[in-house]
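# Architecture and fold: a report
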Amino acid sequence: MMKFCAECGGALEEREVQGDGRRRHVCTVCAHVHYRNPLVVVGCLVERDDSILLCRRAIEPAHGRWTTPAGFLELGETMPAGARRETFEEASADVDIMAPHSYLELLHIGQVYAIFRARMRAPDFAPGPESLECRFFRAHDIPWSELAFPAVHFALQLLLDDRRGGCRHVHHAQVRWSGVGSRFDASNYELVGHLRSPLA
Ligand SMILES: [Zn+2]
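If you're wondering where the values come from, they're calculated on a predicted model, not measured in any experiment. (Residues numbered from 1 in each chain as written. Predicted model: local features only at pLDDT ≥ 70, side-chain atom pairs only at ≥ 80, totals over all residues.)

### Topic: the overall build of the chain
Of the regular secondary structure elements, the chain holds two helices and 12 strands. Taken from the N to the C terminus, the helices and strands of the chain come in the order β-β-β-β-β-β-β-α-β-β-β-α-β-β. Across its three principal directions, the C-alpha atoms of the chain cover 60 × 35 × 35 Å. The buried share among the 200 residues of the chain stands at 28%. Considering only residue pairs separated by 6 or more positions, the chain has 58% of its internal contacts joining residues 24 or more positions apart. (Helix = DSSP H or I, 4+ residues; strand = E, 2+ residues; numbered from the N terminus. Buried ≥ 20, exposed ≤ 12 C-beta atoms within 10 Å, placed from the backbone. Contact = placed C-beta atoms within 7 Å.)

Here it is in structure tokens:
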């Protein structure tokens, strides 16, 4: 939580801003309003034959657990470019972005995941500095109980559902935490307001 003004270093207080209806962090010295908005996480579901690339995290949070390559979008970067960059950083894998896959909203942590389907440009991959190991998993080998993030769990499920159904979709949904239990355990979450549109 911010305590000091990024403009002048003055102390911040939380109060309602006129005509806004929300509580904001406002500088007690220069009156600058510090807005806080959701962050965008971009990532790739990298498919090779019927397998999917996962990385085992070498960093917190969720050290030692598996995830698709993903991370925060940078300023000045498109979402597909960010997803490619994260895949290169975490798995040293050079990929082509094929299609959008899912937009997943996590209101309790203020994050929106934008996940893309991707394919390897070259066969090589290796763990980057943020990964302990990288591996392609077939559907029945996915380590569901060792996944790092609920959004990844649901993105993988949607991908496998589409494969089984023989039709690819773009998905949008809220990944809603029940409010109790571990925030890292997907069983404490549900998919709400799932919209999907078939890809031509
Ligand atoms: Zn200030």
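### With respect to the domain arrangement of the chain
Along its sequence, the chain is carved into domain 1 (1–36) and domain 2 (39–198). Using C-alpha coordinates to define each centre, domain 1 is positioned 34 Å away from domain 2. (Domains from an automatic or database assignment.)

### Thoughts on helix 1 (residues 79–91)
End to end, helix 1 covers 18 Å across 13 residues, agreeing with the expected 18 Å (1.5 Å per residue, within 8%). Within helix 1, the full set of buried residues consists of Gly 82, Ala 83, Arg 84, Glu 86, Thr 87, Glu 90 and Ala 91. Ser 92 sits one or two residues past helix 1 and shows a positive phi near 50 degrees. (Expected span 1.5 Å × (residues − 1).)

### Comments concerning the sheet that holds strand 1 (residues 12–16)
With antiparallel pairing, three strands are arranged side by side in an open sheet as 1-2-3. The open sheet has two edge strands, strand 1 and strand 3 (33–34), and neither has a second partner. (Pairing = 2+ DSSP bridges.)

### Quick look at the nonpolar core
One finds Leu 45, Val 46, Leu 53, Leu 104, Ala 151 and Ala 155 to be the most contacted residues of the largest nonpolar core, which totals 36 residues. Broken down by secondary-structure element, the contributors of at least two residues to this core are strand 4 (39–48), strand 5 (51–57), helix 1, strand 8 (95–106), strand 9 (111–120), helix 2 (150–165) and strand 11 (169–177). Counting residues per element, this core draws most heavily on helix 2, which supplies seven residues. Ignoring any residue separated from it by four or fewer positions in sequence, one finds Leu 104 in contact with Tyr 113, Ala 151, Phe 154, Ala 155, Ala 173 and Val 175. (Core = buried A, V, L, I, M, F, W, Y, C linked by C-beta atoms within 7 Å.)

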